[in-house]
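Take a look at the letters that make up each chain.
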Amino acid sequence: MTHTTPPEPRRWAIFAILLVGSFLPPLDFFIVNVALPSIQSELGTSASAEQLVISSYAALYAVTLISGGRLGDLFGRGRMFLVGLAGFAAASLLCGLAWSPAALIAGRALQGVTAAIMAPQALASVHAIFPEADKPRALALYGAVFGLASVIGQALGGILISLDLFGMGWRMIFLVNLPVALLVLVFGLPLLKEARAPRSSRLDPGGTALSVLALGAMIVPLIEGREAGWPWWSWLGLCAAPLLAWCFWRYEAGLVRAGGAPLVDPSSLRAPGMRRALAIALLLYALAAFFLLFSIYLQNALHVSALDAGLVFLPFGVGYLLGPLATPLGRRLLGDWVNPIGMALMAAGFVGLAALVAAIPVGVAPPGATLAALLFATGFGQGLALPSLMRMITGRVAPTHAGMIAGVASSTLQVGAALSVALIGGIFFTVRGVHDDPAAITDAFIVAILCIAFCLGLGAVLGATLARQASDTPAVTGRTSGA
């Protein structure tokens, strides 16, 4: 079957439907953060369980995104999007009806897997179905969707909890996905019939299993180890993770030599600048821990309600929405420097936030205008950095590998998110110690956001090295070099 490009009106209609697959996963990430105190109150979740509510989703989303992208290459992006959307709706129902922390975590894990099936299809379609002239606009819309999700997620979470519709409280943050999924299925079924990638072959179950084992061996001990007192199994997992990662890489390389179709084609990662671009993606989502920790700071140190806590995030979301829309103009003026400038702006925003929180008395809310300005600048920087980074990554492979590299890019972002929640969240809870008073929470929050700022600053430095080397290479028409 050959690859075909749909006519322009149909192309944009397909992309609009697929963008829902990019919207729902970050929406469910943002919307959960503001609900954690309410979940803890009803289900009695521990600190490690709260982290797992976030990280089980992020980790499984991360380790299955590459397979989700490949499924789109093999069986059609529209078809796999609809399968993932239906599964995501079922997982949301399980979360909404959860009767225990374990049931909620299981539902979140299932959400992560099904989200990974639908989410890569929009990013893959940018590279596969759009001509070069339309890609900046498509990527800007792709990035704006994340900003829209952050705006709606934080505010909607607080509103739904405060309204307590049908006495469901926090459960409505999951159940609200059901009517959205139903509407998209109704409108998407007749539209999403585009062809799969040419020369498609079988999925790589061995590579998928090894990638899940390697990432699980790293992430689970980081989340559970501190709370459990670092038992022997946590150290065993951390020691095994590099070995499992090496086995994964060797397996994939051997599969290529045998003429098979690997989950990750090693040749695609040898494209000039690709590994540095993926390292930037890993550092970019150090931001993920901020949403969890800022919610804890607002609600437990400042005693802000869930609704007001959600509204505090709005300036960040507005900046995150506007940043991608400014990216096409930024690229025309600044080229590849858009990404490092965006990450540097994020780092500066977090340093400023740390200074602001440190300068005011404990338990006193920061000045609203100053806080809003810092959050807007940070969100705007994120909005600039993300679309330009995706272009840096996806433009280095052929359209036949669009699904795979979209999965790799999205997976790297989500691994960064899971590591951020595990490592920086662990630093926060360690600095806070056994105390849960406003002073301890404030001190831990300051340390944690400075750690986030350091990661983003390092990403900005790496982005600057790519910008100096003119990393905005034309999209290839065949396989990457070294293939």
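As the structure is a prediction and not an experimental result, all values here were calculated from the model.

1. Some remarks on helix α9 (residues 177-188)
Helical geometry: 3.6 residues make up each α-helical turn, so side chains three or four residues apart lie on a common side. Taking 1.5 Å of rise per residue, twelve residues should cover 16 Å, and α9 covers 16 Å from first to last C-alpha, within 8% of that figure. Inspection of α9 places Asn-177, Ala-181, Val-184 and Gly-188 among the buried residues, and these make up the whole buried set. For α9, the angular spread of buried residues about the axis comes to 65°, placing them on one side. Opposite the buried face of α9, at more than 90 degrees from it, the exposed residues are Leu-182, Leu-183, Val-186 and Phe-187.

2. What to know about the layout of surface pockets
Empty space left among the atoms is revealed by rolling a probe the size of a water molecule over them. Reported here for the largest pocket is a volume of approximately 760 Å³. As for the largest pocket, its lining consists of 25 residues, of which Leu-215, Ala-245, Phe-248, Thr-412 and Val-415 are closest to the centre. For the lining of the largest pocket, the secondary structure elements donating two or more residues are α3 (47-75), α10 (205-224), α11 (232-257), α12 (274-284) and α18 (402-432). In terms of residue class, the lining of the largest pocket is made up of 21 nonpolar, three polar and one charged.

3. Examining empty space enclosed by the protein
Overall, the coordinates contain four cavities of 30 Å³ or more when judged by the stated rule. Reported here for the largest cavity is a volume of approximately 200 Å³. Lining the largest cavity are 16 residues, with Pro-26, Phe-29, Phe-30, Tyr-285 and Gln-414 sitting closest to its centre. When contributions to the lining of the largest cavity are tallied by element, the ones reaching two or more residues are α1 (8-33), α3, α13 (288-301) and α18. A total of four residues in the lining of the largest cavity trace back to one element, the largest contributor, which is α1.

4. Brief notes about the packing of aromatic side chains
Applying the stated rule across the entire model yields eight aromatic pairs. Relative to Phe-445, the ring of Tyr-297 has its centre 4.7 Å away and its plane inclined at 5°; by these criteria the two rings are stacked. Of this pair, Tyr-297 sits in helix α13 while Phe-445 is found in helix α19 (residues 438-468), placing the two residues 148 residues apart along the sequence. The same class applies to Tyr-297 as to Phe-445, namely buried. Ring geometry for Phe-316 versus Tyr-320: centroids 5.7 Å apart, planes at 75°, classification edge-to-face. Residue Phe-316 and its partner Tyr-320 are located together in helix α15 (residues 314-334), separated by four residues, close to a single helical turn. Taking the relative accessible area as the measure of exposure, Phe-316 reaches 1% and is therefore buried. A residue is classified by how much of its surface remains accessible, and Tyr-320, at 1% relative accessible area, is buried. One aromatic cluster is present, formed by Phe-290, Phe-294, Tyr-297, Phe-350 and Phe-445 through successive ring pairs. Across from the ring centre of Tyr-57, 4.3 Å away, lies the NZ or CZ of Arg-108, which sits over that ring.

5. Here's the deal with the state of the cysteines
Counted by the stated rule, this structure contains zero disulfides. Residue Cys-455 stays outside any disulfide, its sulfur separated by 7.1 Å from that of Cys-451, the closest cysteine.

6. Quick notes on the nonpolar core
Of all hydrophobic cores here, the largest spans 132 residues; its most connected members are Phe-290, Tyr-297, Met-390, Ile-393 and Phe-445. Among the elements that line this core, the one with the most residues is α1, at 14 residues. Formed jointly, this core draws a minimum of three residues from each of two domains, domain 1 (10-192) and domain 3 (264-468). In contact with Tyr-297, other than residues within four places in its own chain, are Leu-302, Val-357, Ile-360, Val-364, Pro-366, Ile-441, Thr-442 and Phe-445. Val-63, Leu-215, Val-415 and Ala-418 belong to the second-largest nonpolar core, a separate cluster that totals nine residues.

7. Quick look at a nonpolar patch on the surface
Where nonpolar side chains cluster on the molecular surface, the patch consists of Leu-141, Val-318, Leu-322, Leu-325 and Phe-376 and spans about 380 Å² of accessible area. Of the residues forming the nonpolar patch, the biggest block, three residues, is contributed by α15. With respect to the helices and strands, the residue Leu-141 is situated in helix α7 (residues 135-163). Exposure remark for Leu-141: the relative accessible area of 35% places this residue in the partly exposed category.

8. Notes on the environment of Gly-323
Here Gly-323 shows up in helix α15. Given the relative accessible area of 0%, Gly-323 is considered buried. It is 7.4 Å that separates the C-alpha atoms of Gly-323 and Ala-144, two residues lying 179 residues apart in sequence. Beyond its immediate sequence surroundings of up to four residues, Gly-323 is in contact with Phe-380, Gly-383 and Leu-384.

9. A few points about the side chain of Gln-111
Note that Gln-111 resides in helix α5 (residues 101-118). A polar atom in the side chain of Gln-111 sits 3.1 Å from the side chain of Arg-108. Setting aside residues up to four positions removed in sequence, Gln-111 forms contacts with Asp-28, Tyr-57, Phe-88, Ala-91, Ser-92, Cys-95, Phe-174 and Asn-177.

10. Examining the packing of helix α16 (residues 338-359) against helix α17 (residues 368-394)
At a minimum axis distance of 7 Å, the contact between α16 and α17 shows a crossing angle of 155°. By the criterion of interaxial angle, the relationship of α16 to α17 is roughly antiparallel. Two packed elements cross with a definite hand, and for α16 against α17 that hand is left-handed. Among the residues making up the contact of α16 with α17, the classes are represented as 15 nonpolar, nine polar and no charged.

Criteria and thresholds
Residues numbered from 1 in each chain as written. Predicted model: local features only at pLDDT ≥ 70, side-chain atom pairs only at ≥ 80, totals over all residues. Heavy atoms only, no water. Helix = DSSP H or I, 4+ residues; strand = E, 2+ residues; numbered from the N terminus. Expected span 1.5 Å × (residues − 1). Buried < 20%, exposed > 50% of the residue type's maximum accessible area, 1.4 Å probe, protein only. Arc of directions from axis to C-beta. 1 Å grid on protein atoms, 1.4 Å probe; cavity = no way out; pocket = protein on both sides within 12 Å on 5 of 7 lines; lining within 4 Å. Points joined across faces, edges and corners; volume = space filled by probe spheres on them. Nonpolar A, V, L, I, M, F, W, Y, C, P; charged D, E, K, R; others polar. Phe/Tyr/Trp six-rings, centres within 6.5 Å; stacked < 30°, edge-to-face > 60°. Lys NZ or Arg CZ within 6 Å of the ring centre and 35° of its normal. Disulfide = S-S within 2.5 Å. Core = buried A, V, L, I, M, F, W, Y, C linked by side-chain atoms within 4.5 Å. Domains from an automatic or database assignment. Contact = heavy atoms within 4.5 Å. Patch = residues over 30% accessible without salt bridge, like charges linked within 9 Å, V, L, I, M, F, W, Y side chains within 5 Å. Areas by Shrake-Rupley, 256 points an atom, 1.4 Å probe, with all protein chains shown as cover. Salt bridge = Lys/Arg side-chain N within 4 Å of Asp/Glu carboxyl O. Polar contact = N/O pair within 3.5 Å; in protein donor to acceptor, adjacent residues only side chain to side chain. Axes fitted to C-alpha atoms, helices over the stretch in contact; angles between N-to-C directions. Parallel < 35°, antiparallel > 145°, perpendicular 65-115°, else oblique. Left-handed = near helix turned anticlockwise from the far one by under 90°.

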